[in-house]
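Structure assessment
Each chain is listed here by its residues.
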Amino acid sequence: EPEVTQTPSHQVTQMGQEVILRCVPISNHLYFYWYRQILGQKVEFLVSFYNNEISEKSEIFDDQFSVERPDGSNFTLKIRSTKLEDSAMYFCASSDRSQGSPLHFGNGTRLTVT
Amino acid sequence: RKEVEQDPGPFNVPEGATVAFNCTYSNSASQSFFWYRQDCRKEPKLLMSVYSSGNEDGRFTAQLNRASQYISLLIRDSKLSDSATYLCVVAGSARQLTFGSGTQLTVLP
């Protein structure tokens, strides 16, 4: 079964540093997403991406965040100048074109900001 | 009112028991509904979609009541491997998923 893959599985960075989280969505999927989950809290939507542009973003997704699809397979989340409160699990997800189709999640990147 | 609200649990049940989880959602324009399960520190995994007519997948039965904005999940003959957090998930027209906080289930031997 095709999978969404994410790298790295764990990233430790110092406050103020930039990090890039990488994702390879399922190959025939067209919609891409980033979600995050702070330890002990619920999964929160960050951003959705379709046709090479952001289609929707949450209040969490402020100017320190950006997404990019640099080639035909990768989908990245960049966090500029990380803060302690950015520590969380970051999940990438993708879905196909069907309205109502579920999202398939990657195994996540645990980001620890020290 | 929270967008998606669930019984927080935890539910501790013996193997073989039947357990039911409930969920309510606030946005009447929501279009798609799902149950995901999440194991500790792992990604959410789709358990089943929820259809208006209700649907069943083996030991799992999901129901949707649009009028009451209510979703349920029933697990019959629970197994040890069913221990996880069950996430009620609702999607609007933009495909953005809104997650409930989850209900923790522990199935005891």
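Refer to the structure above for everything that follows.
First, a word on what this report is: a plain description of the structure on this page. (Residues numbered from 1 in each chain as written. Chains lettered and ligands numbered in written order. Predicted model: local features only at pLDDT ≥ 70, side-chain atom pairs only at ≥ 80, totals over all residues. Heavy atoms only, no water.)

**Considering the pairing of strand β5 (residues 44-50) of chain A**
All names here are of chain A. Across the seven residues of β5, five count as buried, placing the element largely inside the fold. As paired elements, strand β4 (residues 31-37) and β5 share six bridges and run antiparallel to each other. Among the inter-strand pairings, Arg36 is bridged to a residue of β5, identified as Glu44. Between the antiparallel neighbours β4 and β5 lie six residues, among them Gly40 with a positive phi of about 85°. Of the strand pairs in this sheet, β5 and strand β6 (residues 53-57) are connected by four bridges, and their pairing is antiparallel. Bridging across to β6, Ser48 finds its partner in Glu56. With antiparallel pairing between neighbouring strands as the criterion, β5 and β6 make up a hairpin whose turn holds two residues, including Asn51 at a positive phi of roughly 55°. (Buried < 20%, exposed > 50% of the residue type's maximum accessible area, 1.4 Å probe, protein only. Helix = DSSP H or I, 4+ residues; strand = E, 2+ residues; numbered from the N terminus. Pairing = 2+ DSSP bridges.)

**Section: the state of the cysteines**
A complete count under the given rule lists two disulfides over all chains for this structure. The partner cysteine of Cys23 of chain A in its disulfide is Cys92 of chain A, sulfur to sulfur 1.9 Å. For the disulfide bridge between Cys23 of chain A and Cys92 of chain A, the dihedral angle about the S-S bond is near -65°, and by the sign convention the bridge is left-handed. In this pair, Cys23 of chain A sits in strand β3 (residues 19-24) while Cys92 of chain A sits in strand β9 (residues 88-95), placing the two residues 69 residues apart along the sequence. Each of the two residues, Cys23 of chain A as well as Cys92 of chain A, counts as buried. Each sulfur of the disulfide joining Cys23 of chain B and Cys88 of chain B lies 1.9 Å from the other. Around the S-S axis, the bridge from Cys23 of chain B to Cys88 of chain B shows a dihedral of about -75° and counts as left-handed. Of this pair, Cys23 of chain B sits in strand β3 (residues 19-25) while Cys88 of chain B sits in strand β9 (residues 84-91), placing them 65 residues apart in sequence. For the pair formed by Cys23 of chain B and Cys88 of chain B, the shared burial category is buried. (Disulfide = S-S within 2.5 Å.)

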